[in-house]
Amino acid sequence: MSILYVHGVAIREGDQPQWETLKRVTHGALWDEVRTALQTHVAPSVNPADPQGVDISWVYWGDLGASLAYTNQGQPEWPPPERPLTLDAAALADSLERDLRPEVLADRWPELVEVCWAIAQDAGVRAAIANVPVAAQWPVALSAVRARLDLDGAHLPQRLRLRRHQNMRRAMLDLRRPLEGFIPFFVGDALEYFTLRGTPRQPGPIAARVLAALKKSWHLSRERDEPLVIVTHSMGGQLIYDALTSFLPADPELSDLRAAVWCAAASQVGPCKALGLFLDDQTGGGTALDASPHLGYFWNVWSERDLLSFPAEGSVPGAHDTDFPLGGRSPHMAYLQRPEFYRTLAARVRVQVAREAVGKG
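(A) Local environment of the overall build of the protein. Of regular secondary structure, the protein possesses 13 helices and six strands. Within the protein, the proportion of its 361 residues that are buried is 46%. Taking contacts inside the protein between residues at least 6 apart in sequence as the whole, the part at least 24 apart equals 76%. Accessible surface for the protein amounts to roughly 17500 Å². Of this, 55% is attributable to carbon and sulfur atoms.

Pasting the structure below:
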């Protein structure tokens, strides 16, 4: 058996600059972890006589994905101006508002905007700021706004509401920070593929790499007389769908390639098909997945808890869905961390191989 794994978006190797940003979110979908799990749980179930001989490879395409000039790795930190009086009135008002907004309930933000603008233009306040040492100038400017808003004298219920708001804000920031580093690559990598995907006879760089890996895995499968199994995560599903339905039918060298099982975990294959985003939808050619000679069984694994995964039945002919029970804070990656996912995959392969043997008999 040969197992080929195709990762999704936002996967980078350690020598790339985005590695530190993305690894906190993509932990669990990294190749070393996936390979170990496939070797441990799937290979012995499929070839108990020689589990170490099972070829387990991956298609790494992260280096061909999006390269962002700037990524926001969490909330930006705005240092206070060392010399507030060097700012014009508009810039000083904006800086005051930015620093004081966390201390003010949202229903008073209109008042905050107007007070900051008034303070920034007040000649008396600017004179008071100028009369203190530079290190104290910014605190004096903030104190002027606080005094006019009577923030220090706010009554207890208002302070309690503000404290609850601040606690909630901190909690939400903890949840958002990893995603803020991930989402630009999620969108960027997908756009990179769809924009530069190419045509069935002239595949783009990512598609070409997928086809080269499929060719190698298929040759190894035939040498050992074992079935080919494809496992994809997230965006990797879209890459394989295009390969099976458009790129392979157009490549004479791969006309006999056949995967016994394709498992798409956490994929968006269903909605992409419904939206007509695949090559077979746009060119009017290709081969329908359920009629493809290149695939035996399509297992689409998604979860209601994973907002980035979707069913495929009803959109993709021949798809077989499983709503997988997931937990934890990162359900989109959790499939690849669960031993029961790999054990179920092994069972799917055994059953499919048995079905095909019965059909040939």
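Moving on from the coordinates now.
(B) Quick look at unusual backbone geometry. Of note, the phi angle at serine 234 is positive, near 55°, even though the residue is not glycine. On the secondary structure map, serine 234 appears in the loop between β3 (228-233) and α9 (236-247). One non-glycine residue, alanine 266, lies in the positive phi region at around 60°. Mapped onto the secondary structure, alanine 266 falls in the loop between β4 (259-265) and α10 (269-274).

(C) Seen up close, the pairing of strand β1 (residues 2-6). Counted residue by residue, β1 has five buried out of five residues, so it is predominantly covered. Alternating positions in β1 separate into two faces, Ser2, Leu4 and Val6 on one and Ile3 and Tyr5 on the other, with burial throughout. Pairing between β1 and strand β2 (residues 55-59): five bridges, direction parallel. Residue pairing for β2: valine 6 is matched across the bridge by valine 59.

(D) Spatial organisation of the sheet that holds β4. Taken in spatial order, the six strands line up as β2-β1-β3-β4-β5-β6 in an open sheet, and their pairing is parallel. Only two strands of the sheet have a single neighbouring strand rather than two, namely β2 and β6 (319-323). Taken over all neighbouring pairs, the strand axes of this sheet differ in orientation by 20° on average, direction set aside. Two elements, β3 and β4, share six bridges in a ladder whose sense is parallel. Each bridged residue has a counterpart across the sheet, and for leucine 228 the counterpart in β4 is alanine 259. Helix α8 (residues 205-224) contacts β1, β2 and β3 of the sheet and is inclined by roughly 170° relative to β2. With respect to the sheet, helix α13 (residues 339-360) is in contact with β3, β4, β5 (295-302) and β6, its orientation differing from that of β5 by roughly 155°.

(E) Quick look at the packing of helix α5 (residues 123-130) against helix α6 (residues 134-149). One can describe the packing of α5 onto α6 by two numbers: an axis separation of 9 Å at closest approach and a directional angle of 145°. As for the relative orientation of α5 and α6, their crossing is right-handed in sense. From α5, Val125, Ile129 and Ala130 reach across to α6, where they touch Gln137, Val140, Ala141, Ala144 and Arg148. Of the residues in the contact of α5 with α6, the class split is six nonpolar, one polar and one charged.

(F) Spotlight on the environment of leucine 196. Considering the arrangement of structural elements, one finds leucine 196 in the loop between α7 (156-195) and α8. Along the primary structure leucine 196 and isoleucine 206 are separated by 10 residues, whereas in three dimensions their C-alpha atoms are 8.1 Å apart. Among residues more than four places away in sequence, those in contact with leucine 196 are Gly204 and Pro205.

(G) Region of the structure containing the pattern of salt bridges. What the rule picks out here adds up to 15 salt bridges. Put simply, glutamate 103 and arginine 146 hold a salt bridge, and the shortest N to O gap is 2.8 Å. Here arginine 146 lies in helix α6 and glutamate 103 lies in the loop between α3 (89-100) and α4 (109-121), a separation of 43 residues in the sequence. Residue classification places glutamate 103 among the partly exposed positions, given a relative accessible area of 28%.

(H) Spatial organisation of the pairing of β4. Of all seven residues in β4, seven are buried, a share of seventy percent or more. Considered for its hand, the β-α-β crossover made up of β3, α9 and β4 is right-handed. Judged from the six bridges that link them, β4 and β5 form a sheet pairing that is parallel. In the strand pairing of β5, alanine 264 is matched with asparagine 300.

So, how was this worked out
Residues numbered from 1 in each chain as written. Predicted model: local features only at pLDDT ≥ 70, side-chain atom pairs only at ≥ 80, totals over all residues. Heavy atoms only, no water. Helix = DSSP H or I, 4+ residues; strand = E, 2+ residues; numbered from the N terminus. Buried < 20%, exposed > 50% of the residue type's maximum accessible area, 1.4 Å probe, protein only. Contact = heavy atoms within 4.5 Å. Areas by Shrake-Rupley, 256 points an atom, 1.4 Å probe, with all protein chains shown as cover. Pairing = 2+ DSSP bridges. Axes fitted to C-alpha atoms, helices over the stretch in contact; angles between N-to-C directions. Left-handed = near helix turned anticlockwise from the far one by under 90°. Nonpolar A, V, L, I, M, F, W, Y, C, P; charged D, E, K, R; others polar. Salt bridge = Lys/Arg side-chain N within 4 Å of Asp/Glu carboxyl O. Right-handed = clockwise from strand over helix to strand, strands pointing away.

Function-wise, these values are silent; they only describe arrangement.
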